[in-house]
Amino acid sequence: MKTDVIIIGGGAAGLFCAAEAGKRGRSALVLERAEKVGKKILISGGGRCNFTNREVSAANYVSNNPHFAKSALARYTPQDFIKLVEKHGIEYYEKKLGQLFCRDTSRRIIEMLLGECAAGGAQIKTNCEIKSVRKTDQSFVVETNLGSFESESLVVACGGLSFPKVGATDLGYRIARQFDLKIEKTRPALVPLVFNDNRLKEFGKLAGVSLETTASFGDAAFRENILFTHRGLSGPAILQISNYWQPKEQISFDLLAGKNAFELLGESRNSRQELVNFLSQHLPARFAEKFCAEFAPSKPLNQFSPKEIERLAGVLHDWRLRFDETEGYHKAEVTLGGVSTDELSSKTMEAKRVGNLYFIGEVVDVTGWLGGYNFQWAWASAFAAGQYV
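Residues numbered from 1 in each chain as written. Predicted model: local features only at pLDDT ≥ 70, side-chain atom pairs only at ≥ 80, totals over all residues. Heavy atoms only, no water.

Examining the sheet that holds strand β16 (residues 250–254)
Now for step 1: Taken together, the 7 strands give an open sheet; going across it, the order is β17-β16-β13-β14-β15-β12-β18, and neighbouring strands pair in antiparallel fashion. The strands lining the two open edges of the sheet, one partner per strand, are β17 (319–322) and β18 (325–326).
Now for step 2: Relative to β16, strand β13 (residues 210–217) runs antiparallel, the two sharing 3 bridges. The residue bridging Ala-215 from the neighbouring strand is Phe-253, located in β16.
Now for step 3: Sitting on the sheet, helix α12 (residues 306–317) is in contact with β16 and β17, with an inclination near 110° to β16. (Pairing = 2+ DSSP bridges. Helix = DSSP H or I, 4+ residues; strand = E, 2+ residues; numbered from the N terminus. Contact = heavy atoms within 4.5 Å. Axes fitted to C-alpha atoms, helices over the stretch in contact; angles between N-to-C directions.)

Quick notes on the pairing of β13
Note on strand geometry: in a regular strand, side chains alternate between the two faces of the sheet.
Now for step 1: Alignment of β13 against strand β14 (residues 220–228), held across 8 bridges, turns out to be antiparallel. From the neighbouring strand, Phe-217 faces β14, where its bridge partner is Ala-220.
Now for step 2: Here β13 folds back onto β14, and the loop between the two strands holds 2 residues, one of which, Gly-218, carries a positive phi near 60°.

As for the environment of Cys-128
Now for step 1: Of note, Cys-128 is situated in the loop between β7 (123–125) and β8 (130–135).
Now for step 2: Using a relative accessible area of 1% as the deciding quantity, one classes Cys-128 as buried.
Now for step 3: A sequence separation of 18 residues divides Cys-128 from Leu-146, and the C-alpha atoms of the two residues are 6.2 Å apart. (Buried < 20%, exposed > 50% of the residue type's maximum accessible area, 1.4 Å probe, protein only.)

Points about the side chain of Ser-106
Now for step 1: Residue position: Ser-106 is located in the loop between β6 (99–102) and α5 (107–119).
Now for step 2: For Ser-106, a relative accessible area of 0% translates into the label buried.
Now for step 3: For Ser-106, the side chain forms a polar contact with the main-chain nitrogen of Cys-49, separated by 2.9 Å.
Now for step 4: Beyond its immediate chain neighbours, meaning those up to four positions away, Ser-106 contacts Ile-41, Leu-42, Ser-44, Gly-47, Arg-48 and Cys-49. (Polar contact = N/O pair within 3.5 Å; in protein donor to acceptor, adjacent residues only side chain to side chain.)

Remarks on the packing of aromatic side chains
Now for step 1: Tallied over the entire structure, the rule returns 24 aromatic pairs.
Now for step 2: Both rings, one in Phe-51 and one in Phe-81, keep their centres 5.9 Å apart while their planes meet at 45°; by these two values the pair is tilted. Of this pair, Phe-51 sits in strand β3 (residues 50–53) while Phe-81 sits in helix α4 (residues 78–87), placing them 30 residues apart in sequence. Like Phe-51, the residue Phe-81 is buried in the burial classification. (Phe/Tyr/Trp six-rings, centres within 6.5 Å; stacked < 30°, edge-to-face > 60°.)

Encoded structure:
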């Protein structure tokens, strides 16, 4: 079977690229390994799909080339995708910080993408296992369990390694290596972090406790909630900072974000109130007890010296924890690293050294923050490639 474009991967980027290619009159074929397309879309956002964010810039992404994403993001914006969502009558709402979710189910986004593909004449084959990819002088030949397919252009949109339970594999990286393209080191991202054994004994009993903090690593800082789990820490602040954190390094937590601990403690210096009770006014009681057990045995505030108060305030604004590892790809929302942006055109997503070979979406070394940014990269990179494949 011959077609203009073969797209490997029926996720967000793959389906959108097929629809865009179809608008240009190009015949497109999507090959999906799973029994249905869009499985990661379906489970995203708690089943409501955080499909974009109102405010998106390259600053919301992690990449070895922080400027690479600018071109695609500028040419297909969140407002462009919102117009498409509205065109299909999909109701949505803003949860917080510009994050847009479907009011109904994530399935509405999949139905929209399938509708756009159908309008452009794109074909989709599921349960399609890729056996090999090769390039001839004029085309690409993809051998599968469903037969052999040939195309002028080949788009790799099969994602990264996150969520293996919905079919994630390293196929995209294997194809890139086959054509001698550089791969930036990959690891789980937007992922919970795991305590070492000693810390787990100390904090494991706090599972279920949540508190607002500012989590910082290097120049990156996120003010969101953290959540204690049976193995470590999760919650939005942890997922965000995991994109920047390095294994075996410490993360700093401001436990009284937006407040001045030294002033709060100073105002109560003459009080007979126990420290643990004072902290419980600002932090969850179970966490306040654990904090006091580690840093300042609870006693009445009027028994603390100015030096002790200064030290305590410093720890409250800079509580440090070291993590050795993450929860892994099965809990990671995305994959950090991937096909090097040095190998790709930022305008077209085409491999610079291999004509008509394109890489889009999560397989590329562009990783967004939590909050709809990775979906917007999927739409933007797919749109960019869709104009040229």
